[in-house]
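Observations on chain architecture
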Amino acid sequence: MANTNLQFKTNYVVSSKIEPFYKGGKVQISKDEKYLFCTCGSRVNVLEISTGKIIHCVEHDDQEDITSFALSCDDEMLVTASRALLLKQWDWKQAQCTRSWRAIHTVPVASMTFDSTSTLLATGGCDGTIKLWDVVKQYCTHNLKGSSGVVHLVQFHPDISRLQLFSSSLDCGIRLWDLRSSQCVCVLQSHYSAVTALSFSPDGGTMISSGRDKICTVWDLKTKTAKRTVPVYEAVEGVVLLPENKDFSQIGVTNKDLHFITAGSKGVLRVWEAGTARCVYTQTLTSTVSAEEEEEEKDDDDPRSLTYLLHLPDSSRLATVTAEHNIVLYQLPALTTQQQFVGYSDEVLDVKFLGKEDSHIVVATNSCQLKVFELLTNSCQILYGHTDTVLSLDVFKKGSLFASCAKDKSVRVWQMDSDSGQVTCVAHGSSHANAVGTISCSRIKASFIVSGSQDCTVKVWDLPADLSTSGAEIHQLTARVTEKAHDKDVNSVAVSPNDKLLASGSQDRTAKLWSLAEEGTVGLLGVFKGHRRGVWAVCFSPVDQVLATSSADGTTKLWSLQDFSCLKTFEGHDASVLKVIFVSRGTQLLTSGSDGLVKLWTIKTNECVKTLDAHQDKVWGLHGNRKDDKMVTGSADSNITVWLDVTEVELAEEQAKQEDQILKQQELSNLLHEKKYLKALGLAISLDQPHTVLTVIKAIRQVEESRELLEKTVLKLRVDQKESLLRYCAVWNTNARNCQDAQAVLQVLLTHLPPEELLKYQGARTYLEGLIPYTERHMQRIGKLLQASMFLNYMWQKMRVAGAPSSMDQDEEMDKTPLAQPFFMIDKGKGTGSGDEEKPDGDDGDSGQDEDPNCPVEEEEEEDDEVSVTKKASANNNRGSTKTNGNHHSESEESSEEEDEADQTVKVVKCVPVASAAQCQALAS
């Protein structure tokens, strides 16, 4: 009974996305400190710091990677340099390129910067030259030569009146250029490796340089000599001088001497006193890594290592960029973490909803870090603890505890604080012999976790009862039981909803069912065999005694837990099915695959209800929230997508649409009854129902003076409605029953609208070209009908004359009766043929009246008879033939020379089509 009122899901739509926006390269913050500019391939993304949202994106049309960029000091201009050796000036707020010019460099530009007046732009090239550009007058002012190799750093002296430019290249020297003379004044030699950053004192008399040779140098710019060399014992990527007039006592600044902050390969910010070369403060990062592991990580490729350090003086903040493309903002003077942004996540390996209301998601990427995003603001926490790539995640029932496992052979349990949202590691265990590839949490309460490893074993780890109330101490977990589960890597484990069963899937193509006894033993219950390749995922149904498995053979299978038989197989993915979960109370499945697709299946019908395509690579992560109205997917294309179930919304929209259609249909009937044809026609066109429009046209053509009424009605339509009408006519004209109505409408359109206006309609040329062959066919049919009707009339008269016993006068009198008129009549007033039924009335062809003006041309069966009659007529009596010339039929008069009676004249009405093939041909060409 629980499923009787259950609504099957039919569709999901993308609710939000977390996409990469920074893949390395330069980072710059606007002077007003509201926006952060960073490169991402061929784009420069503009991140609003307060919200973490990308609000602008500047992209080169040629799709060439941007090698460098610079934002003017007044935040107005953005200039980018690409590998195509083009410099482009942008109005970045409108994402419009205002000017582009060739960089005279022979190789790409490596660095660029503006002066404080935002009028001079310096570009340093990989060819060892520096060029200065006047961006206002738009010409090159200087060409400075003398650097050796790539000029990776250019910076103006903050006092523009000095007109000095500093640069650094591969020779490790700092060149000082006098822009008045365009000469290199001196080369400041102190570093033995690349110079990475320069920072100037407020008075401009002192400069500090940092390098990868693990030293910082304090320079006296008046004497152009090095005052002091400070060994910092790490490769320094950024240096910032601290302001002298602020209190920084929290970070060890106790006097007014010169102090500076360094950022480098160790991943921490350190404060140095320039006069004594002493480190007065070292930042402490939240870490759960042991001392032994820290020693192993002290190499230069530490993911925490910093690549940029930026100062935000107005808000007294620092911004750092890590080697893993994370951007972190710290608040001075305490250096507390304020905001964190993840620029690039690389491959997303797993993703799960987190928090009491599923307000967060936790993401495992191709990294040793875990990332916790708040869905509302996209703000991120970066969790450190694992020392190698995190492979899998799982969340406990309450949503505040979750577990992770990694290539470092360990498992960790993390807890989120319900008030602050901060996540900390509370438990750690490591006894696997190889990488731990999968993990699953207990379902009823947080009592144990199960892990599966590449060492082919499954381990059950008991959790302490006071885990949630523990302090800063990290619990050390020990495995309750270890079981050799498979012959190859264990890819997936899952705990049943009642915590009594365990399922495992392996690369050995099998899935197994295990019992989880309270005594701590694990017993094998059965083996699920049937997949042709490795099993990637296993999942228990929340309501039924079935297990779902997905495999690299492209199939998903449902298995009975009673007899281990395969109940159903779902085929549809073109590649490996990596994840499978149950939704809709166990009545539907969601699967994700290596083809980048997510598919929704209804179990009862084996039908794929919907295929969702939002990823370009393998979808490793798939998880549904507790309310069952959202899901989240993570892919190897570095995108994380949150999907919203819109089944009820679409159903309500469909019902509202049907109700609206019913109301409009009723309104249309009322308008036709009231003979308000203009409103009826407009309403029918708005419904986009060609058959209904045709019904209105037929109704108009059945009233008196239909030609004038149709013309008046059609011409009052809007341009878009006339365009739709032309499209409908092209379809109606293909049917012999409706061709007369189509031709009547075409007559109005072609007569009153100039060709130039008609050809502006979307697809008009195609429609007109389609009208030509059918119009010619209808003309041929009318010609054949005229021939047949003329011959029948002629024979009827001759039969009466030959068999009449009366005198010649009587015969002549009979010839003057209406029977001597043409059998087939054309109504010139309507502009169409009248059909092939006999007309008993006495109107002649010029009267413009017909008994049935709307009678359509006969159907195909009748046409065959008419053609045969015409052939017989032309074979038996050449005197009765009629000539046609494609667009009209000429009148024909034949007199009988062999009879004694008076001349008998057979009269044929001239037929001119309302919209001839020639007219359509002229318009189409």
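Structure: above.
Residues numbered from 1 in each chain as written. Predicted model: local features only at pLDDT ≥ 70, side-chain atom pairs only at ≥ 80, totals over all residues. Heavy atoms only, no water.

Attention now goes to the sheet that holds strand β40 (residues 457–462). The sheet built from four strands is open, its strands ordered β38-β39-β40-β42 with antiparallel pairing. Sheet topology places β38 (436–441) and β42 (479–484) at the edges, where each strand pairs with a single neighbour. Taking each pair of neighbouring strands and ignoring which way they run, the sheet shows an average axis angle of 20°. Here strand β39 (residues 448–453) pairs with β40 via five bridges, running antiparallel. (Pairing = 2+ DSSP bridges. Helix = DSSP H or I, 4+ residues; strand = E, 2+ residues; numbered from the N terminus. Axes fitted to C-alpha atoms, helices over the stretch in contact; angles between N-to-C directions.)

Turning our eyes to something else, we now look at the sheet that holds strand β35 (residues 401–406). Here we have five strands laid out as an open sheet, ordered β34-β35-β36-β37-β41, and mixed in their pairing. Every interior strand has two partners, whereas the edge strands, β34 (390–395) and β41 (475–476), have only one. Relative to strand β37 (residues 423–429), strand β36 (residues 411–416) runs antiparallel, the two sharing six bridges. Counterpart to Trp414 in the pairing with β37 is Cys425.

A cluster of nonpolar side chains, namely Met795, Trp796 and Met799, defines an oily patch on the protein surface of about 300 Å² accessible area. The topology assignment puts Trp796 in helix α9 (residues 764–802). Among the residues examined, Trp796 registers a relative accessible area of 39% and is labelled partly exposed. (Patch = residues over 30% accessible without salt bridge, like charges linked within 9 Å, V, L, I, M, F, W, Y side chains within 5 Å. Areas by Shrake-Rupley, 256 points an atom, 1.4 Å probe, with all protein chains shown as cover. Salt bridge = Lys/Arg side-chain N within 4 Å of Asp/Glu carboxyl O. Buried < 20%, exposed > 50% of the residue type's maximum accessible area, 1.4 Å probe, protein only.)

This structure, assessed with the given rule, holds ten aromatic pairs. Judged by centre distance (5.3 Å) and plane angle (55°), the ring pair of Phe166 and Phe200 falls under tilted. One end of the pair, Phe166, is in strand β15 (residues 164–168); the other, Phe200, is in strand β18 (residues 195–200), with 34 residues separating them in the sequence. Both residues of the pair, Phe166 and Phe200, belong to the buried class. Each residue in the set Tyr35, Phe37 and Trp92 is aromatic and connected to the rest through ring pairs, giving one cluster. The ring of Trp101 is capped by Arg99, whose NZ or CZ atom sits 3.9 Å from the centre of that ring. One cation-aromatic arrangement involves Arg480 over Phe448; the distance from NZ or CZ to the ring centre is 5.6 Å. (Phe/Tyr/Trp six-rings, centres within 6.5 Å; stacked < 30°, edge-to-face > 60°. Lys NZ or Arg CZ within 6 Å of the ring centre and 35° of its normal.)

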